[in-house]
Amino acid sequence: MKFQVDHQVLADAVGWASRVLPVRPALPVLAGMLVDATADGVTLAGFDYEVSARATVEAAVSEPGRVLVPGRLLAEIVRSLPGRPVEVSTEGAEAVVRCGSAEFGLLTMPAEDYPTLPEPPAVAGTVSGDAFGTAIGRVVVAASRDDTLPMLTGVRVDIEGETIGLACTDRYRIACCELAWSPARPDFSAAAVVPARTLADAARSLRAGTEVELSLTGVGDNLLGLSGAGRTLTTRLLDDQFIDYRSRLSGQWTTRAEVPTGAFVEAVKRVALVAERNVPVRLAFSEDSVRIRAASGDAARASETLPAELDGDEVDIGFNPQFLLDGLAGITTMTTRLHCDGPNKAALFTPAPTEDDKAPTAQDTYRYLLMPIRLSA
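Residues numbered from 1 in each chain as written. Predicted model: local features only at pLDDT ≥ 70, side-chain atom pairs only at ≥ 80, totals over all residues. Heavy atoms only, no water.

### Re the domain arrangement of the protein chain
- Domain parsing of the protein chain yields domain 1 (2-113), domain 2 (123-246) and domain 3 (251-370).
- Centre-to-centre separation of domain 2 and domain 3, based on C-alpha positions: 28 Å.
- In this assembly, twelve residues from domain 2 lie in contact with twelve residues from domain 3.
- Carbon and sulfur atoms supply 57% of the area that domain 2 and domain 3 bury against each other, a total of about 1,100 Å² over both sides.
- Summed over the three residues of domain 2 that lose the most area to domain 3, namely R138, R173 and I174, the buried surface amounts to 52% of that side.
- There are one salt bridge connecting domain 2 and domain 3.
- The partner of R173 in a salt bridge is D326, and the shortest N-O contact between them spans 2.9 Å.
- Linking domain 2 with domain 3 are six residue pairs in polar contact (both at pLDDT 80 or more), by the criterion used here.
- Every element with two or more residues in the side of domain 2 that touches domain 3 is listed here: α3 (129-139) and β13 (173-180).
- Among the elements that line the side of domain 2 that touches domain 3, the one with the most residues is β13, at seven residues. (Domains from an automatic or database assignment. Contact = heavy atoms within 4.5 Å. Buried area = accessible area lost by both parts, 1.4 Å probe. Salt bridge = Lys/Arg side-chain N within 4 Å of Asp/Glu carboxyl O. Polar contact = N/O pair within 3.5 Å; in protein donor to acceptor, adjacent residues only side chain to side chain. Helix = DSSP H or I, 4+ residues; strand = E, 2+ residues; numbered from the N terminus.)

The following block contains the structure:
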């Protein structure tokens, strides 16, 4: 095997494939990255039996071939190389990487022992990579990191016609939003729970302007595929059982308040500086203002007042400051709207478009439901 490729192109491809390499592989070959050079280009791949990632790039291939090399080490080497063309070749039991005057030799692994990479299901439709990545980033903040309940570590994906719904929950909050896509069939529908870490990692790597193909058959699926710009990812799905989150996002709210988003976020950040672990930030809404405050025993306290519009009952409600900021980060409109039904029931945060905001987009479907912390007197 022998080929030459642009350094940045190789670095991006190796970075994509190395994301799925296990830290503690069940089998030694799973620590490897498969490099397959053909007349059509070079494909780099990683696989851990749950997630696979492949990137195909253009390269000048003078000798086709296939080799398995230590993946994480290859990624570190490529990142460190100068911005010059990179040559990769096999010489005996080594894969040799040359760039300028730098040369590295990597002992190859038995490629014949590497498992067969899974193929994505049938393509169900396409979605804007920018919109998809943004939507995923908004909801995954609410995914649990506790693996004892796998369902809570996933992103619920609901597809109906031309709309994709995404939702996550860790029992203390729910984040969800919808976005438009182009289904292969107008009547296509599906529901799946995808590991949140995998989906978030993939979304962060989606190139701007990329159209992403979503592969999902919708019937008895155990695999989801994402493809775009020469990159492909497959991931096994979690059990598709999930809470009926939509029913929890509606109710008879006794209070509705609107606050300037930017000022609200900055005030919460400042006040949270004095909030120790498990100490809430309190929001006291009155007719034309909200008082944001927190205290750390007798050691420190903070308070700040912002203008607000209130419709309904006055309320004094407290939240975990980081959870509150996570939710506000998903609101891109100039004004945030809060709906609640007293200080001890979950509050709903939504965008509140104003005349100064742009035309409504899928971002306006964002919803963030957060459980309050019970306040002492």
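Here the narrative resumes, following the displayed structure.
### Brief notes about the packing of α3 against helix α4 (residues 196-204)
- At their nearest, the axes of α3 and α4 sit 9 Å apart, and the two run at 140° to each other. By the criterion of interaxial angle, the relationship of α3 to α4 is oblique. Viewed along their axes, α3 and α4 form a crossing whose handedness is left-handed. Side by side, α3 and α4 meet where F132, G133 and I136 of the first sit next to L199, A200 and A203 of the second.
- Each residue belonging to the contact of α3 with α4 can be placed in one class, and the counts come to five nonpolar, one polar and no charged. (Axes fitted to C-alpha atoms, helices over the stretch in contact; angles between N-to-C directions. Parallel < 35°, antiparallel > 145°, perpendicular 65-115°, else oblique. Left-handed = near helix turned anticlockwise from the far one by under 90°. Nonpolar A, V, L, I, M, F, W, Y, C, P; charged D, E, K, R; others polar.)

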